[in-house]
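Inside the fold
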Amino acid sequence: MNNNNSKKGKKKYILILFIGIFLLFIALSYFNNFSEGKKTGEMFFTTLYGMLKILPFAFILIGLFEVWVKKETVIKHLGDNSGVKGYFWVLILAGFTVGGLFTAFPLAESLRKKEASLKVIFAYLGFAGIVRIPMTIFEISFLGLPFTIIRLSVTIPLFLLIGILIGSFLDKKGFEFNKG
Amino acid sequence: MNIGLWILTTVLLLLSFIKDKKKTILAGKKAGKKMLKMSVIFFFVMALFSLALAFMPPELLNDYIGQKSGLKGIFIALGFGSISVMPGFIAFPLGATLRAQGVPYYIIGAFTISLMTIGFVTFPLEKKFLGIKVAVIRNFLSLIVTIIAAIIIKMVFGE
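So, how was this worked out
- Within each chain, residues carry numbers counting from 1 in the order of the written sequence.
- As a convention, the first chain written is A and the first ligand written is 1, with the rest following in written order.
- Local features in this predicted model are restricted to residues whose pLDDT is 70 or higher, and side-chain atom pairs enter the listing and the counts only when it is 80 or higher, whereas totals over whole chains, interfaces and linings include all residues.
- Put simply, a nonpolar core is a cluster of buried Ala, Val, Leu, Ile, Met, Phe, Trp, Tyr and Cys residues tied together by C-beta atoms within 7 Å.
- Buried, partly exposed and exposed are defined by the number of other C-beta atoms within 10 Å of a residue's own C-beta, namely 20 or more, between the two limits, and 12 or fewer respectively, with C-beta atoms placed from the backbone.
- Here a helix means four or more residues in a row that DSSP labels H or I, a strand means two or more in a row labelled E, and each is numbered from the N terminus.
- Placing C-beta atoms from the backbone, we regard two residues as in contact once those atoms come within 7 Å.
- Domain ranges listed in this record stem from an automatic or a database domain assignment.
- Amino acid classes used here: Ala, Val, Leu, Ile, Met, Phe, Trp, Tyr, Cys and Pro are nonpolar; Asp, Glu, Lys and Arg are charged; the rest, including Gly, are polar.
- With axes taken as lines fitted to C-alpha atoms, and helix axes fitted only over the stretch in contact, angles between N-to-C directions fall between 0 and 180 degrees.
- Angular relationships are summarised with four words: roughly parallel below 35 degrees, roughly antiparallel beyond 145, roughly perpendicular across 65 to 115, and oblique for the angles in between.
- A clockwise turn of the near helix away from the far one marks a right-handed crossing, whereas an anticlockwise turn of less than a right angle marks a left-handed crossing.
- Residue-level confidence of the predictor is summarised by pLDDT, bounded by 0 at the bottom and 100 at the top.

**Considering the nonpolar core**
- Judged by nonpolar contacts, the single largest core of 74 residues is most densely connected at Ala58, Val90, Ile121, Tyr124 and Phe127 of chain A together with Ile107 and Ala110 of chain B.
- Among the elements that make up this core, the one with the highest residue count is helix H7 (residues 118-130) of chain A (ten residues).
- In this structure, Ile121 of chain A is in contact with Ala108, Leu111, Arg112, Ala116 and Gly167 of chain A, ignoring residues within four places of it in sequence.

**Description of the interface of chain A and chain B**
- Across the boundary between the two partners, chain A contributes 56 residues, which contact 57 residues of chain B.
- Mapped by element, the contributors of at least two residues to the side of chain A that touches chain B are helix H1 (2-32), helix H2 (35-52), helix H3 (55-68), helix H6 (101-113), H7, helix H8 (133-143) and helix H9 (145-173) of chain A.
- Considering every element that reaches the side of chain A that touches chain B, the biggest residue donor is H3 of chain A, with twelve residues.

**Quick look at the domain arrangement of chain A**
- Domain assignment breaks chain A into domain 1 (2-53) and domain 2 (63-173).
- One C-alpha centre belongs to domain 1 of chain A, the other to domain 2 of chain A; they are set 37 Å apart.

**Regarding the domain arrangement of chain B**
Residue and element names in this part refer to chain B.
- What the domain assignment lists for chain B is domain 1 (1-52) and domain 2 (56-159).
- Here domain 1 and domain 2 have C-alpha centroids that lie 26 Å from each other.
- Between domain 1 and domain 2, the contact holds five residues from the first and five residues from the second.
- When its residues are assigned to classes, the side of domain 1 that touches domain 2 shows five nonpolar, no polar and no charged.

**Examining the packing of helix H4 (residues 70-83) of chain B against helix H6 (residues 105-117) of chain B**
Residues and elements named next belong to chain B.
- At a closest axis distance of 7 Å, the pairing of H4 and H6 adopts a crossing angle of 30 degrees. Between H4 and H6, the interaxial angle falls into the category roughly parallel. Both H4 and H6 take part in a crossing whose hand is right-handed. Only Tyr106, Ile107, Ala110, Phe111, Thr112, Ser114 and Leu115 of H6 make contact with H4, whose side of the interface consists of Gly73, Ile74, Ala77, Leu78, Phe80, Gly81 and Ser82.
- For the contact of H4 with H6, the per-class residue count stands at nine nonpolar, five polar and no charged.

**Observations regarding the confidence of the model for chain A**
- With 89% of its residues at a pLDDT of at least 70, chain A reaches an overall mean of 86.
- Put simply, helix H4 (residues 71-76) of chain A is where chain A has its lowest mean pLDDT, 68, and H9 of chain A is where it has its highest, 95.

**As for the environment of Leu118 of chain A**
Residue and element names in this part refer to chain A.
- Residue position: Leu118 is located in helix H7.
- We classify Leu118 as buried; it has 23 C-beta atoms within 10 Å.
- Along the chain, Leu118 and Ile16 lie 102 residues apart, while their C-alpha atoms are 46 Å from each other.
- Apart from the residues lying within four places of it in its own chain, the contact partners of Leu118 are Gly167, Leu170, Asp171 and Phe175.

What follows is the structure in structure tokens.
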């Protein structure tokens with residue numbers, strides 16, 4: 001653990017060093033009228049300015065979301081995961097997924113232990129990629145609401161379909177999760 | 001677009017504050033911590049990205065992922081999205097920057113959706129849980145969903 005931390009720290013210093021050299025390069029480019037360098041600087045600072053208008057707000061929204069909405073309340077509802085309700089609740093549950101597939105698979109496995117159907121579980125695995133709320137907040141902030149609405153209305157039905165297809169196929173085959 | 005975000009955040013923040021001061025402060029702390037944690041890698045990626053965009057001839061970007069790149073562009077974006085792993089706070093600002101350079105939404109969509117759904121890097125993990133066959137099928141179907149979604153985005157935005 002300790003070793004891992006110091007490795008991380010080293011990496012961070014290398015990155016900071018790189019950023020320092022980068023800023024120096026931009027400053028020198030302006031002094032020497034080096035056009036590609038100036039263009040780089042322009043690009044960097046316009047992007048940065050754009051980000052500063054968005055990022056703090058997006059992060060506050062994510063913070064509020066984490067404080068006010070609890071995953072446990074959603075999991076409670078998964079007891080009655082028969083029928084359409086199950087799909088609805090895993091869609092909501094997927095919204096809470098942090099860390100992508102790294103947390104989605106262990107959760108899927110534990111849902112299986114609670115006897116959720118394979119169809120519902122594979123729908124969850126699909127949803128976990130596409131409806132994560134923090135990610136979606138960033139998406140809306142940077143690419144706009146219309147983009148997100150189109151993306152969600154295309155991908156949610158398709159991944160629901162995929163979940164049902166894979167799930168029912170595997171049900172027939174008597175599939176079980178490998179021990180992770 | 002930004003104004004909507006500002007208003008929404010301010011209103012929710014006020015509501016939260018009225019309802020529970022402690023929770024709201026905790027939310028603010030969480031937000032600050034997350035921002036601090038991502039700042040170094042964020043600056044790094046942005047620096048790298050602006051270097052790449054400034055030194056790359058514009059025709060190159062146009063040819064491969066520009067307005068007229070079509071299916072070729074979708075596959076290039078999809079390839080990058082499948083093999084990379086990056087958090088949303090990097091991927092979407094990158095998307096917005098590309099957008100400002102004239103890259104169409106459907107290309108950005110192909111990149112971000114494949115990033116979300118197809119995992120070369122996470123494949124070993126997926127294989128461990130699902131077995132190799134199911135993992136391959138799942139990723140292949142995700143690839144098809146990405147292509148369909150990109151084409152629909154292209155149609156809706158009239159690109």
